[in-house]
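# Fold and contact review
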There are 2 protein chains.
Amino acid sequence: MIARELNAIDRLVALLSKLPGIGKKSASRLAYHILDADTSYARSLAEQLESLHEAIKRCSVCGSWTETDPCPICADITRDSRTICVVERAQDVHIIEESREFNGHFHVLGGLIAPLEGISPGDLTIGQLLARVKRNDVREVILAMNPTVEGDTTALYLQKLLKEEGVEVSRLASGLPVGGDLEYTDKLTLSRSFRGRVRMG
Amino acid sequence: MIARELNAIDRLVALLSKLPGIGKKSASRLAYHILDADTSYARSLAEQLESLHEAIKRCSVCGSWTETDPCPICADITRDSRTICVVERAQDVHIIEESREFNGHFHVLGGLIAPLEGISPGDLTIGQLLARVKRNDVREVILAMNPTVEGDTTALYLQKLLKEEGVEVSRLASGLPVGGDLEYTDKLTLSRSFRGRVRMG
């Protein structure tokens, strides 16, 4: 029996199964759905993917994804530039913005301190954060990393450095389930943890 | 507070959330993963999607997705052209091929008879199936639709028509859980249902 070769589908399935949470069966289902759907859908998706990295860059100030530099948040003069919310990843900015609970600026660390994975403070944008704090006379830094071991380690490390600069440091309050992830938190819980944030040190 | 506008990401998220099983949160996660990943990944995916509908067509004989017409299965002279396995959708061909249990030809119906959804026998490729049965002196037709109400209805309808042609008609044996789906069946169960297929009428 000769195996059926369908290279174009197989290649698409292979690419789709590299996405997080998409196994081989799901990838196959998505590929056949795209085949069954109108041609214009595949074309629109292709165009968006093709232009994505040209359209979206990192903000040179805060490190979040943006179409303009500085990003609309950093450029918004109605926002409080003396309060900075520090997040692990760029998508966390979007999640916090959707809660409409915070009106300051952001800073994307680009990861968390994780010695076992070889991620040290030098791999994160901590130097830029300290420079921003000094330059903009920042009053408060809110640490919004996830309540995990790496999140706690990073928060403690930052708290120590920031305290030396004489800035107030707080961390999102409990309300986020321990071991959980910002991405899967409902807006109400997120609001509560902003309001009940705990002063550190 | 001015809402952050990230049109290129938003457009990608909107497109991705049209895929089956992908909600808004999953779509957002996929989009940020693609942004974080190497640019070449987005570009490869874009290329595959762009060329998909040009590269893949329906086989003019059996109706499955193929890069060549007729498809490699219909063109394979080592396969038994006198046994046809009838499936609902093109992806079912792929699933059955992976079980390596069947060495005949396929026929894709393009759906199942479902009066409540307005799908009548005339909407399916039943005429082409009967023509193939006559033309190729087919000995056996194996009905491999899912064991659902619509699958049962369609199987009974086809059995009646095919009997008039003097061809043997069988259906995949129980082993598939009732109400289930071919797509989520393990290979062993699928093998069993091929071997234990029950003669109809």
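Being a predicted model, the structure only gives us computed values, none of them experimental. (Residues numbered from 1 in each chain as written. Chains lettered and ligands numbered in written order. Predicted model: local features only at pLDDT ≥ 70, side-chain atom pairs only at ≥ 80, totals over all residues. Heavy atoms only, no water.)

### Describing the interface of chain A and chain B
Reports often express the size of an interface as the amount of accessible area lost when the parts come together. Here is the rule we go by: By the convention used here, residues are in contact when the closest approach between their heavy atoms is within 4.5 Å. Values labelled buried area give the accessible surface lost by two parts on being combined, using a 1.4 Å probe and summing over both. By convention in these notes, a salt bridge is any Lys or Arg side-chain nitrogen within 4 Å of a carboxyl oxygen on Asp or Glu. For this analysis, a polar contact is any N or O atom pair within 3.5 Å, provided that within protein one partner can donate a hydrogen and the other can accept it, and provided that sequence-adjacent residues contribute only side-chain to side-chain pairs. Comment: elements are numbered from the N terminus, with helices defined as DSSP H or I runs of at least four residues and strands as E runs of at least two. Polarity classes work like this: nonpolar for Ala, Val, Leu, Ile, Met, Phe, Trp, Tyr, Cys and Pro, charged for Asp, Glu, Lys and Arg, and polar for all others, with Gly in that last group.
Counting residues at the interface gives 62 residues for chain A, matched by 62 residues for chain B. In total, chain A and chain B occlude about 6,400 Å² of area from one another, counting both sides; carbon and sulfur atoms represent 62% of this. At the junction of chain A with chain B, the criterion picks out six salt bridges. For A:Arg43, the salt bridge is made with B:Glu50, and the minimal N-O distance between the two is 3.6 Å. The tally of links from chain A across to chain B stands at eight residue pairs in polar contact (both at pLDDT 80 or more). Secondary structure elements with two or more residues in the side of chain A that touches chain B: α1 (7-16), α2 (24-36), α3 (39-55), β2 (65-66), α4 (72-75) and α5 (90-99) of chain A. Among the elements that line the side of chain A that touches chain B, the one with the most residues is α3(A), at 14 residues. Residues of the side of chain A that touches chain B, tallied by class, amount to 31 nonpolar, twelve polar and 19 charged.

### Here's the deal with the domain arrangement of chain A
Put simply, the test is: Domains are outlined according to an automatic or database domain assignment.
When its domains are assigned, chain A resolves into domain 1 (8-55) and domain 2 (65-199). One C-alpha centre belongs to domain 1 of chain A, the other to domain 2 of chain A, and the line joining them spans 33 Å.

### A closer look at the pairing of strand β3 (residues 80-87) of chain B
Residue and element names in this part refer to chain B. Definition in use: Two strands make a pair as long as DSSP finds a minimum of two bridges between them. Handedness of a crossover is defined as follows: with both strands directed away from the viewer, a clockwise route from the first strand across the helix to the second makes it right-handed.
Relative to strand β4 (residues 104-108), β3 runs parallel, the two sharing five bridges. Note that in β4 the partner of Val-86 across the bridge is His-107. Assessed by its sense of winding, the connection that carries the chain from β3 through helix α5 (residues 90-99) to β4 is right-handed.

### Some thoughts on the pattern of salt bridges
Our working definition: Buried, partly exposed and exposed residues are distinguished by accessible area as a fraction of the type maximum, computed with a 1.4 Å probe on protein chains only: under 20%, between the cut-offs, and over 50%, respectively.
Across all of its chains, the model carries 18 salt bridges over all chains by this definition. Between A:Asp152 and A:Arg171 there is a salt bridge; the shortest N-O distance is 2.7 Å. Within this pair, whereas A:Asp152 is found in helix α7 (residues 149-164), its partner A:Arg171 is found in strand β6 (residues 168-171), the two being separated by 19 residues in sequence. On the basis of relative accessible area, A:Asp152 is assigned to the partly exposed category, the value being 33%. For B:Arg139, the salt bridge goes to B:Asp80, with nearest N and O atoms at 3.1 Å. Taken together, the positions of B:Arg139 in the loop between α6 (126-135) and β5 (140-143) and B:Asp80 in strand β3 put the pair 59 residues apart, joining distant regions of the chain. Residue B:Asp80 is classed as partly exposed on the basis of its relative accessible area, which comes to 26%.

### As for the relation of the copies chain A and chain B
Defined as follows: Least squares is the method used to superpose the copies, on C-alpha atoms of residues holding a pLDDT of at least 70 in both.
When chain A is brought onto chain B, the operation consists of a screw motion whose angular component is 179° and whose axial shift is 0.0 Å, with 0.2 Å RMSD remaining. One copy is carried onto the other by what is essentially a two-fold rotation axis. Taking C-alpha positions as reference, the residue of chain A nearest the rotation axis is A:Ala46, located at 2.0 Å. Both copies share a contact surface, since 100% of the interface residues of chain A are interface residues in chain B too.

### A word on the side chain of B:Glu88
All names here are of chain B. Using the following cut-off: Just so you know, the count uses Lys and Arg for positive and Asp and Glu for negative, and it drops His and the chain ends.
Mapped onto the elements, Glu-88 comes out in the loop between β3 and α5. Buried charged residue Glu-88 carries no salt bridge. Nearest counter-charge: Arg-89, at 4.3 Å. Residues in contact with Glu-88, not counting those within four places in the same chain, are Val-108, Leu-109, Gly-110, Gly-111, Leu-112 and Asn-146.

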